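Overview (structure and organization)
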Amino acid sequence: MKSMVKKMVFLSMLPLMAACAGGQKKVESVQEEKLPVVVAEQVDVRDVVQAGTYTSTVEANAKNNIAPQSAMRLKDILVDIGDFVKANQVVAKMDVISLDQAKLQYINDSTEYFRLKGLYDAGGLSKSDLDAIELAYKVRKKNYQNMLENTILRSPITGVISARNYDEGDMYAMAQPIYTVQQISPVKLLVAVSEKDYTRVKKGGKVQITVDAFPGEQFEGNISRLYPTIDPATHTFLVEVKVPNKDTKLRPGMFARVVIRYGVNHSVVIPDKAVVKQQGAGDRYVYVLNDDQTVTFQKVTLGVREGAEYEVLSGLKEGDKVVVEGQIRLQDGVKVELKK
């Protein structure tokens, strides 16, 4: 009797169990059919400035050491470190004893030469004797001029004194120059540029320079020289940039960032958040939204980055729509739902 009751209860529960099982399958089916929700944007074509950013160091346009040719005592120091000097300005004087001696010898030889020349003109002296006196006179003159240059020291360029190695009364011993002067208006920078850009860099092209010492300030320069060879170790070539630096803000040794512009491309531009990096490779992809609401995993070649956007060199065309949100659940060919 009990076994019959149990059997009847079991049979009466079968429809309920079947209904429950069917409902669970229906819920699972609904969940499986739920589409990934994405946000897509249409790409456009714009002018994109082509440029490269490089690092360099500010250098003086010219650098000269000031010193006499031979050892002698330093009499007067007329300028100091940090002083600006003009070309041909007297910056120091050495002991004048040797200069005075050379001057007296030159004056004596000059007087004797012109006296004997008059005698020669009157027929009282042979040409060979006059030539010997003239040679001695010219040697004395040259010696005096050389001594004058090495006793009264002048700056060969307009610039700033960046080093002074002696004091008044010191004996100049030729180990170090008395002064170093650097021309800082203009200044120059040597920039190492990749060989792939060799044909794109042009002499006279404008560049922009920034330095950490003046945040937010930009300086403009021009390409003054292209070095003709490629470094085989780095595959770069040197570009020399001149900056007028009329206000002398830029100083030798400053770390600089240099932006060289190569021209303008008319290219597709996409948001950087649309770009997907392929794991284990350097390839870049985007999900392109098709008309049937499916997506295609499309490889792209990227160019210049400007802020939060990338230039696309290949892989997309004007009017394409790319997914910018929701890529994490996507695969090539799946159907998606657009976020409202």
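Our subject is the structure that appears above.
Since the structure is predicted, the reported quantities are computational estimates derived from the model, not experimental observations.

1. Here's the deal with unusual backbone geometry
The amide bond that connects Ser185 to the next residue, Pro186, takes the cis arrangement and shows omega of 15°. Relative to the helices and strands, Pro186 resides in strand β9 (residues 179-194). The backbone phi angle of Asn88 is positive, close to 75°, even though this residue is not glycine. Relative to the helices and strands, Asn88 resides in the loop between β4 (84-85) and β5 (90-94).

2. Some points on the side chain of Thr236
With respect to the helices and strands, Thr236 occurs in strand β12 (residues 236-243). In terms of polar contacts, Thr236 uses its side chain to reach the side chain of Thr234, at 2.7 Å. Setting aside anything within four residues of it in sequence, one finds Thr236 in contact with Ala192, Val193, Ser194, Glu195, Thr229, Ile230 and Asp231.

3. Thoughts on the pattern of salt bridges
Taken as a whole and judged by the stated rule, the model has 19 salt bridges. As a salt-bridge pair, Asp44 and Arg46 come within 3.5 Å of each other at their nearest N and O atoms. We note a salt bridge from Arg115 to Glu112, for which the minimum N-O separation is 2.8 Å. Placement of the pair is Arg115 and Glu112 together in helix α2 (residues 97-121), with a separation of three residues, close to one helical turn. Where salt bridges share partners, they join Asp44, Arg46 and Glu309 into one cluster.

4. As for the nonpolar core
Counting 24 residues, the largest nonpolar core has Leu189, Val193, Ile209, Val241, Val243, Leu250 and Ile260 as its most contacted members. Counting residues per element, the ones that place at least two in this core are β2 (44-66), β9, β10 (206-211), β11 (219-226), β12 and β13 (255-271). Of the residues forming this core, the biggest block, five residues, is contributed by β9. Contact partners of Ile260, with chain neighbours within four places excluded, come to Gln50, Ala51, Gly52, Tyr54, Val191, Val193, Val207 and Ile223. With 17 residues, the next largest nonpolar core counts Met72, Met94, Leu153 and Tyr172 among its residues.

5. So, the side chain of Lys188
Among the structural elements, Lys188 can be located in strand β9. Buried and without a salt bridge, Lys188 has Glu240 as its closest oppositely charged side chain, separated by 4.4 Å. In this view, Lys188 contacts Thr57, Val58, Glu59, Ala60, Asn61, Glu240, Val241 and Lys242; residues no more than four positions away in its chain are not counted.

6. Considering the packing of α2 against helix α3 (residues 127-151)
Axes are the key here: two packed helices are described by the angle between their axes and the distance separating the axes. One way to put it is that α2 packs onto α3 with a least axis distance of 8 Å and a crossing angle of 155°. It follows from the interaxial angle that α2 and α3 lie roughly antiparallel. The element α2 and its partner α3 pack so that their crossing is left-handed.

7. Observations regarding the sheet that holds strand β8 (residues 171-172)
The strand order β6-β5-β3-β8 describes an open sheet built from four strands, whose pairing is antiparallel. The strands lining the two open edges of the sheet, one partner per strand, are β6 (152-154) and β8. With two bridges connecting them, strand β3 (residues 72-77) and β8 associate as antiparallel partners. If you follow Met72 over to β8, its bridge partner there is Tyr172. Taken strand by strand, α3 contacts β3, β5 and β6, and its axis lies near 65° from that of β6.

Quick notes on the rules
- Residues numbered from 1 in each chain as written.
- Predicted model: local features only at pLDDT ≥ 70, side-chain atom pairs only at ≥ 80, totals over all residues.
- Heavy atoms only, no water.
- Helix = DSSP H or I, 4+ residues; strand = E, 2+ residues; numbered from the N terminus.
- Polar contact = N/O pair within 3.5 Å; in protein donor to acceptor, adjacent residues only side chain to side chain.
- Contact = heavy atoms within 4.5 Å.
- Salt bridge = Lys/Arg side-chain N within 4 Å of Asp/Glu carboxyl O.
- Core = buried A, V, L, I, M, F, W, Y, C linked by side-chain atoms within 4.5 Å.
- Buried < 20%, exposed > 50% of the residue type's maximum accessible area, 1.4 Å probe, protein only.
- Lys, Arg positive; Asp, Glu negative; His and termini not counted.
- Axes fitted to C-alpha atoms, helices over the stretch in contact; angles between N-to-C directions.
- Parallel < 35°, antiparallel > 145°, perpendicular 65-115°, else oblique.
- Left-handed = near helix turned anticlockwise from the far one by under 90°.
- Pairing = 2+ DSSP bridges.

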